[in-house]
Amino acid sequence: MLTLNLVYFSLVVVMTGFATFVYVWISTGQKITPVDAEFESLLRIITIATVPAGMGISYVAFKTVIKGIPPEMPLATKLHRYQSAVIVRGAGFEIPGTFAAVASFITGNVSFLLFTAVIVVLFLLFRPTIAAITNDLQLTATERSNLENNQPFTR
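One structure accompanies this document, and this report is about it.

### What about the overall build of the chain?
- Along its length, the chain carries six helices and zero strands.
- N-terminal to C-terminal, the α/β element order of the chain is α-α-α-α-α-α.
- The C-alpha radius of gyration computed for the chain amounts to 19 Å, which surpasses the reference 15 Å derived for 155 residues by more than 25%, pointing to a less compact arrangement than a globule.
- Across the 155 residues in the chain, those meeting the buried criterion constitute 34%.
- For the chain, the proportion of contacts with a sequence separation of at least 24, taken over those separated by at least 6, is 77%.
- Per element, the accessible surface of the chain, about 8,600 Å² overall, is 69% carbon and sulfur.

Below, the structure is given as structure tokens:
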């Protein structure tokens, strides 16, 4: 569980760190090469399209991996597969969030960072919790108890 949370939240920290850097860079008036309005509009359309696309693709990929985890599998193996599924889902969220921060950096327009903020909120809503893991993997009461008690194989 610890490893899963470290990997998951590292995705959020990197994206948020870059977005913070971009915000500070722009708000302190650092010199940015001007971008024409058409290119900025194109970046906005791409950003608007990548957010739902990234979420949709990551959701489908996550559910596909989860369906492939049989209930009779040992808990440690289930958790390793679940970790892979969560990382894939997180990457699907991180890509549009980071793209929005890059678009903000290129254009000097901080409004792109709103997309990154939405993605950060989604990251927090979909974080791996014991309740979510139990629900997603349909764990038995014994497996949930082992997970809650942080047995060595779940670390």
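### Details of the side chain of R89
- Mapped onto the fold, R89 is located in helix α3 (residues 75–107).
- Of the side chains bearing the opposite charge, D136 lies closest to the buried R89, which forms no salt bridge; the N-O distance is 4.8 Å.

### Some thoughts on the packing of aromatic side chains
- Per the counting criterion, the structure on display carries ten aromatic pairs.
- Ring centres 5.9 Å apart and planes at 70° place the aromatic pair F62 and Y82 in the edge-to-face group. Note that F62 is positioned in helix α2 (residues 37–67) and Y82 in helix α3, a separation of 20 residues in sequence.
- Residue Y82 is classed as buried on the basis of its relative accessible area of 1%.
- Feature note: the residues Y8, F9, F93, F123 and F126 constitute an aromatic cluster, connected by ring pairs.

Parameters and conventions
Residues numbered from 1 in each chain as written. Predicted model: local features only at pLDDT ≥ 70, side-chain atom pairs only at ≥ 80, totals over all residues. Heavy atoms only, no water. Helix = DSSP H or I, 4+ residues; strand = E, 2+ residues; numbered from the N terminus. Rg over C-alpha atoms; globule rule 2.2 N^0.38 Å. Buried < 20%, exposed > 50% of the residue type's maximum accessible area, 1.4 Å probe, protein only. Contact = heavy atoms within 4.5 Å. Areas by Shrake-Rupley, 256 points an atom, 1.4 Å probe, with all protein chains shown as cover. Lys, Arg positive; Asp, Glu negative; His and termini not counted. Salt bridge = Lys/Arg side-chain N within 4 Å of Asp/Glu carboxyl O. Phe/Tyr/Trp six-rings, centres within 6.5 Å; stacked < 30°, edge-to-face > 60°.

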